[in-house]
Amino acid sequence: MSIELYAQRRQRLAQAMGPQDIAIIPTAPTRVRNRDADYPFRADSYFYYLCGFTEPDACLVIRADGHTTLFCQPKDLEREIWDGYRLGPEQAPSALGLEAALSVTQLDQQMPRLMANTESVWWPFATHDDLHHRIETWLQSVRSQVRLGVAAPQVQRDACAVLDEMRLIKDAHELALMRTAGRISAQAHIRAMQRSARMLRAGEDAREYHLEAELLHAFREHGAEGPAYTSIVAAGANACVLHYRADRAAVRDGDLVLIDAACEYMGYASDITRTFPANGRFSGPQADVYALVLASQEAAIAATRAGARFDDPHDAATRVLAQGMLDLKLLDANAVGNLDDVLNSRAYARFYMHRTGHWLGMDVHDCGAYQDPDPEAPRITVPNPTGGDPITKRVSRVLQAGMVLTIEPGLYVRAATDVPEAFHDIGVRIEDDAVVTAQGCELLTRDVPVGMQEIEDLMR
Ligand code: GLY
Ligand code: MN
Ligand code: MN
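Summarised in this report is the structure supplied together with it. This structure is a prediction, so every number in the text was calculated from the model and none was measured.

**A closer look at the overall build of the chain**
1) Next: Looking only at helices and strands, the chain has 14 helices and 21 strands in total.
2) Next: By the compact-globule yardstick of 23 Å for 460 residues, the chain fits well, its C-alpha radius of gyration being 25 Å.
3) Next: Dimensions along the principal axes, computed over C-alpha positions, put the chain at roughly 80 × 55 × 40 Å.
4) Next: For the chain, buried positions account for 53% of its 460 residues.
5) Next: Across the chain, contacts joining residues at least 24 apart in sequence account for 69% of those joining residues at least 6 apart.
6) Next: When the accessible surface of the chain is summed, it comes to about 21000 Å², and 49% of that surface belongs to carbon and sulfur atoms.
7) Next: Where the 46 positive side-chain charges of the chain centre and where its 64 negative ones centre are 1 Å apart.

Here it is, written out as structure tokens:
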């Protein structure tokens, strides 16, 4: 990735600021997992987006003219022997295409100087536990100099407001990385499906963790950092627990397995769910539910294009699912009424309780507003999913080419006396990643098929 692209991103942020403003964008903190073991470090997404630097303990300070100072770890042979190479402030400007770099040990001393005589300070609100305290301390220091003629900034602005809009539209470089992430994750799903069928055919004691092992193997084999989020490998009834994770449960002949897992590649997430029969053959009721979810996903995909609104795919999927719930007698029409009644009362939410998609990018639930950013946009009133008063909000935003979102309808049937027994404990979700294009969308994750026949074929 060329360093010019990062410079262009910093320029865009700088241009959105006032002429006397400054932005402070730190990377993520390191976190202790237990005693001497840390969680694996991952750079903050905003920080990485603006400079591509992956060392911990760093902070960007960007002036309105684009001049950028990086605070980073100083060279330290002793620490580098233990923790690894540090770029260091001497090398950082040329290596990263920045105007200046200083040791992060000087941050508290230098920030009051850099903030002096600025008007607004931009920083990412509510993303770092102690950042507002540190900024407050630096502000106090600037204020203590006002009698010497130094002006202190008067305004704090949320840098996320600008950066979220930038990150929402992916550039060609980002899309290339996301295509790779999608391809690797698709291969991982194929491996897991095939392992499941192989183990059951051989009469082996297949467990959820065996399938997770295939996913992890494929991620690392192809150079991904690892999972973009905690992998869900849910056998049988576990598929009806939305945030289940890969555990030790047996993968049984006759079960469906729902896997929601995907890799992060060069900082970019993918997000795939596939549901397949553990033994490689869908039973009748499993096929009924699967076909319904697939039809709902097709409706959502058809509704995903530039000019549509973010909610359109969700509304399209929900309509298909709700009709299917009536057709399969999961919902009793005598009790809940017709399709429009089911949609208005949200009776479908018993079996389909989540949204059909979310933005995808560096973060698996990526940044970006879901409502129309235009304050004059029409308002709608919708039922409150948590049961309170109806919610009035702006309509969802218009999709633009280059936005990336997931399309992930599902249907989850917990065992209950008022539900046909044949469907008990069946949970199906199908999730793909889509780039919005002028005419429709490009699916990044279809190297692993969704058709029942294709899935059975590759598991044979
Ligand atoms: N894997 C997280 C999600 O599907 O939203
Ligand atoms: Mn998702
Ligand atoms: Mn997912």
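**Quick notes on the coordination of the manganese ion (ligand 2)**
1) Next: Donor atoms from the polypeptide that coordinate the manganese ion (ligand 2) comprise Asp-271 (OD), His-358 (NE2), Glu-408 (OE) and Glu-431 (OE), at 2.0 to 2.2 Å from the metal.
2) Next: One can describe the donor arrangement at the manganese ion (ligand 2) as irregular, given that its six donor atoms subtend angles of 51 to 154° at the metal.
3) Next: Here the manganese ion (ligand 2) and the manganese ion (ligand 3) are spaced 3.3 Å apart, linked through Asp-271, which binds each one. Of the two residues, Asp-271 sits in the loop between strand S13 (268-269) and strand S14 (273-277) while His-358 sits in the loop between helix H13 (339-345) and strand S15 (379-382), which places them 87 residues apart along the sequence. Both residues of the pair, Asp-271 and His-358, count as buried.

**Quick notes on the coordination of the manganese ion (ligand 3)**
1) Next: Looking at the metal site, the manganese ion (ligand 3) is ligated by Asp-260 (OD), Asp-260 (OD), Asp-271 (OD) and Glu-431 (OE), spaced 2.0 to 2.4 Å from it.
2) Next: One can describe the site at the manganese ion (ligand 3) as irregular: its six donor atoms subtend angles covering 57 to 169° at the metal.
3) Next: The sequence motif formed by the donor residues of the manganese ion (ligand 3) is D-x10-D-x159-E.

**Examining the site of ligand 1**
1) Next: The environment of ligand 1 is made up of Tyr-229, Asp-260, Asp-271, His-358, His-365, Glu-408 and Glu-431.
2) Next: Here a nitrogen atom of ligand 1 and a side-chain polar atom of Asp-271 are 3.1 Å apart.
3) Next: Here an oxygen atom of ligand 1 sits 3.1 Å away from a polar atom, N or O, in the side chain of Glu-408.
4) Next: In isolation ligand 1 offers 200 Å² of accessible surface; the protein chains occlude 83% of this area.
5) Next: Grouping the amino acids of the shell around ligand 1 by side-chain chemistry returns one nonpolar, two polar and four charged.

**Brief notes about the packing of helix H1 (residues 3-16) against helix H7 (residues 159-168)**
1) Next: Running from amino to carboxyl end, H1 crosses H7 at an angle of 135°, the nearest separation of the two axes being 10 Å. As the angle between them shows, H1 and H7 are arranged oblique. Considering only the axes of H1 and H7, their crossing is right-handed. Each of Arg-9, Arg-12, Leu-13 and Ala-16 in H1 lies in contact with H7, whose residues at this interface are Val-162, Leu-163 and Met-166.
2) Next: Grouping the amino acids of the contact of H1 with H7 by side-chain chemistry returns five nonpolar, no polar and two charged.

**Here's the deal with H1**
1) Next: With 14 residues, H1 extends 21 Å between its outermost C-alpha atoms, agreeing within 8% with the 20 Å of an ideal straight helix rising 1.5 Å per residue.
2) Next: Taken as a whole, H1 has its buried residues at Leu-5, Tyr-6, Arg-9, Arg-10, Leu-13 and Ala-14.

**With respect to the pattern of salt bridges**
1) Next: If you walk through the whole model with that rule in mind, you get 24 salt bridges.
2) Next: Across the pair Asp-65 and Arg-63 runs a salt bridge, and its minimum N-O distance is 2.8 Å.
3) Next: Looking at Arg-63, the relative accessible area reads 36%, which means it is partly exposed.
4) Next: The partner of Glu-214 in a salt bridge is Arg-195, with the nearest N and O atoms 2.6 Å apart. On the criterion of sequence distance, the pair formed by Glu-214 in helix H9 (residues 208-221) and Arg-195 in helix H8 (residues 172-201) is long-range, its members being 19 residues apart. Each member of the pair Glu-214 and Arg-195 is classed as buried.
5) Next: Several salt bridges share partner residues, and in doing so they unite Arg-167, Lys-170, Asp-363 and Asp-366 into one network.

**Details of a nonpolar patch on the surface**
1) Next: A cluster of nonpolar side chains, Leu-77, Ile-81 and Trp-82, forms an exposed patch at the surface whose accessible area comes to about 430 Å².
2) Next: Following the sequence through the fold, Ile-81 ends up in helix H3 (residues 77-83).
3) Next: What makes Ile-81 exposed here is its relative accessible area of 59%.

**Structural notes on the sheet that holds strand S9 (residues 226-227)**
1) Next: With antiparallel pairing, three strands are arranged side by side in an open sheet as S9-S12-S13. Of all strands in the sheet, those with a lone pairing partner are S9 and S13, marking the two edges.
2) Next: Looking at chain direction, S9 and strand S12 (residues 263-265) are connected through two bridges and run antiparallel. Across the sheet, the residue bridging to Gly-226 is Glu-264, located in S12.
3) Next: Along the sheet face, H8 touches S12 and S13 and points at about 145° away from the line of S12.

**Let's talk about the sheet that holds strand S5 (residues 68-72)**
Through backbone hydrogen bonds, the strands of a sheet pair up, either in parallel or in antiparallel fashion.
1) Next: Spatially, S6-S5-S4-S1-S7-S8 is the arrangement adopted by the six strands of the open sheet, whose pairing is mixed. In this open sheet, the two edge strands, each paired with only one partner strand, are strand S6 (100-103) and strand S8 (155-158). Taking the axes of each pair of neighbouring strands and ignoring which way they run, one obtains an average angle of 20° across the sheet.
2) Next: Relative to strand S4 (residues 59-63), strand S1 (residues 22-26) runs antiparallel, the two being bridged by five bridges. Each bridged residue has a counterpart across the sheet, and for Ala-23 the counterpart in S4 is Ile-62.
3) Next: In the packing of H1 onto the sheet, contacts are made with S1, S4, S5 and strand S7 (120-123), and the angle to S4 comes to roughly 55°.
4) Next: Sheet strands in contact with H7 are S1, S7 and S8, and its direction is about 25° off that of S8.

Cut-off values and rules
Residues numbered from 1 in each chain as written. Chains lettered and ligands numbered in written order. Predicted model: local features only at pLDDT ≥ 70, side-chain atom pairs only at ≥ 80, totals over all residues. Heavy atoms only, no water. Helix = DSSP H or I, 4+ residues; strand = E, 2+ residues; numbered from the N terminus. Rg over C-alpha atoms; globule rule 2.2 N^0.38 Å. Buried < 20%, exposed > 50% of the residue type's maximum accessible area, 1.4 Å probe, protein only. Contact = heavy atoms within 4.5 Å. Areas by Shrake-Rupley, 256 points an atom, 1.4 Å probe, with all protein chains shown as cover. Lys, Arg positive; Asp, Glu negative; His and termini not counted. Charge placed at Lys NZ, Arg CZ, Asp CG, Glu CD. Donors = N, O, S within 2.8 Å, 3.2 Å for Na, K, Ca; no water. Tetrahedral: all angles 85-135°; square planar, octahedral: opposite > 155°, others 65-115°. Near = heavy atom within 4 Å. Polar contact = N/O pair within 3.5 Å; in protein donor to acceptor, adjacent residues only side chain to side chain. Nonpolar A, V, L, I, M, F, W, Y, C, P; charged D, E, K, R; others polar. Axes fitted to C-alpha atoms, helices over the stretch in contact; angles between N-to-C directions. Parallel < 35°, antiparallel > 145°, perpendicular 65-115°, else oblique. Left-handed = near helix turned anticlockwise from the far one by under 90°. Expected span 1.5 Å × (residues − 1). Salt bridge = Lys/Arg side-chain N within 4 Å of Asp/Glu carboxyl O. Patch = residues over 30% accessible without salt bridge, like charges linked within 9 Å, V, L, I, M, F, W, Y side chains within 5 Å. Pairing = 2+ DSSP bridges.

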